[in-house]
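A closer look at the structure
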Amino acid sequence: MGSMGQSGTGPGAIAPDGSPVEFFALFGARDEPAIVHRAIPEGATVLELGSGAGRVAHELVALGHSVVAVDESPEMLEHVRTEAVCARIEDLRLDRRFDAVLLGSFLLNSADESLRRRFLDTCRIHLRPDGAVLICRAVPQPPSAVGPTESGGAVITVADVRRLRDDLVVATIEYRMDGRTWRQEITNHELDDARLVACLHEAGLEFDAFLTEDRTWVRATLCQAGG
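The structure contained in this document is the topic of the report that follows.

Details of the overall build of the protein chain
- From N to C terminus, the protein chain includes six helices and twelve strands.
- Here the C-alpha coordinates of the protein chain stretch approximately 55 × 40 × 30 Å along the principal axes.
- Buried residues in the protein chain amount to 48% of all 227 residues.
- Counting only contacts in the protein chain whose residues sit at least 6 apart along the sequence, the fraction spanning at least 24 positions is 57%.
- Of the roughly 10300 Å² of accessible surface on the protein chain, a fraction of 48% belongs to carbon and sulfur atoms.
- The protein chain carries 23 positive and 35 negative side-chain charges, and their two centres are separated by 2 Å.

Printed below as a string of structure tokens:
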């Protein structure tokens, strides 16, 4: 995980992107595994970029997929129970290709445009010719539309949102669990549908479909020759 303009505070280890390790080691997956599972073949090989503590990877393995989890935080990877690689996404070069490459956690919305392109390059390089990249992006929306998220006694709340310009937002996320509190500041470059398609194309990927009604989850494939 990781992006320009992100930091975090709170008890225990904090990942380079500001994510609290102890919180995400216990915070369960939500609908992400089901969304991914429906969009890929049975028993697919999956490369998850920015896996964190494995909350999505573990569920995908339980659904019958073979998952390689990648994260730059060794503390996060200590909690992962599948094959894991400690590396920055932009630097990753495995001598393997996968049926699906997963780029979640709004990593596509990095405020650093060159880093976003390198993330997508890594996706493309590790994708089988008939595979798919599955991406979760932050969709432009008013702060009032973002409510708290709860799971097993853990709560994630957007505590503050500041808009630096029309498409650049700084959000302070608050995590609470067992009387402990963590805070993470995230800078996101919001991407509308047109910019999303353009970013994919610049990286040699082609928009295929939206996977959810809110258009946050996207499937892309390799650009066809001459496309």
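Topic: the packing of aromatic side chains
- With the rule as written, the count across this model stands at seven aromatic pairs.
- With centroids separated by 5.3 Å and ring planes inclined at 80 degrees, the aromatic side chains of F23 and F24 adopt a geometry described as edge-to-face.
- By relative accessible area, which is 14% here, F24 ends up buried.
- Seen from their ring centres, F23 and W182 are 5.8 Å apart, and the 65 degrees between their planes marks the pair as edge-to-face. Of this pair, F23 sits in helix 1 (residues 21-26) while W182 sits in strand 10 (residues 180-189), and the two are 159 residues apart along the sequence.
- Looking at W182, the relative accessible area reads 1%, which means it is buried.
- Each member of the aromatic cluster is reached from another via a ring pair, and the members are F23, F24, F27, Y175 and W182.

Some remarks on the side chain of N188
- In this structure, N188 sits in strand 10.
- We classify N188 as buried; its relative accessible area is 15%.

Here's the deal with the sheet that holds strand 3 (residues 66-71)
- Reading across from one edge, 4-3-2-5-6-12-11 is the order of the seven strands in this open sheet, with mixed pairing throughout. On the outer flanks of this sheet lie strand 4 (83-86) and strand 11 (205-210), each paired with one strand and no other. For this sheet, the mean angle separating the axes of adjacent strands, direction not counted, is 25 degrees.
- Where strand 5 (residues 98-103) lies against strand 6 (residues 127-136), five bridges are found, and the strand directions are parallel. Bridging from a neighbouring strand, F98 pairs with L127 of strand 6.
- Its contacts with the sheet place helix 6 (residues 193-202) against strand 6, strand 11 and strand 12 (217-222), and it is angled at close to 140 degrees to strand 11.

What to know about the packing of helix 2 (residues 32-39) against helix 3 (residues 55-62)
- Helix 3 packs onto helix 2 with a crossing angle of 50 degrees between their chain directions and a minimal axis gap of 9 Å. Judged on the interaxial angle alone, helix 3 and helix 2 are oblique. Between helix 2 and helix 3 the crossing geometry is right-handed. Together, E32, P33, V36 and H37 of helix 2 and R55, V56, E59 and L60 of helix 3 make up the contact between the two elements.

Brief notes about the nonpolar core
- Membership of the largest hydrophobic core comes to 28 residues, with the highest contact counts inside it found for L47, L49, L103, L120, V133 and I135.
- Counting residues per element, the ones that place at least two in this core are strand 2 (45-49), strand 3, strand 5, helix 5 (113-125), strand 6, helix 6 and strand 12.
- Those residues in contact with L103 that sit more than four places away from it in its chain are L49, I89, L108, F119, L120, C123, L134, I135 and C136.

Rules used throughout
Residues numbered from 1 in each chain as written. Predicted model: local features only at pLDDT ≥ 70, side-chain atom pairs only at ≥ 80, totals over all residues. Heavy atoms only, no water. Helix = DSSP H or I, 4+ residues; strand = E, 2+ residues; numbered from the N terminus. Buried < 20%, exposed > 50% of the residue type's maximum accessible area, 1.4 Å probe, protein only. Contact = heavy atoms within 4.5 Å. Areas by Shrake-Rupley, 256 points an atom, 1.4 Å probe, with all protein chains shown as cover. Lys, Arg positive; Asp, Glu negative; His and termini not counted. Charge placed at Lys NZ, Arg CZ, Asp CG, Glu CD. Phe/Tyr/Trp six-rings, centres within 6.5 Å; stacked < 30°, edge-to-face > 60°. Pairing = 2+ DSSP bridges. Axes fitted to C-alpha atoms, helices over the stretch in contact; angles between N-to-C directions. Parallel < 35°, antiparallel > 145°, perpendicular 65-115°, else oblique. Left-handed = near helix turned anticlockwise from the far one by under 90°. Core = buried A, V, L, I, M, F, W, Y, C linked by side-chain atoms within 4.5 Å.

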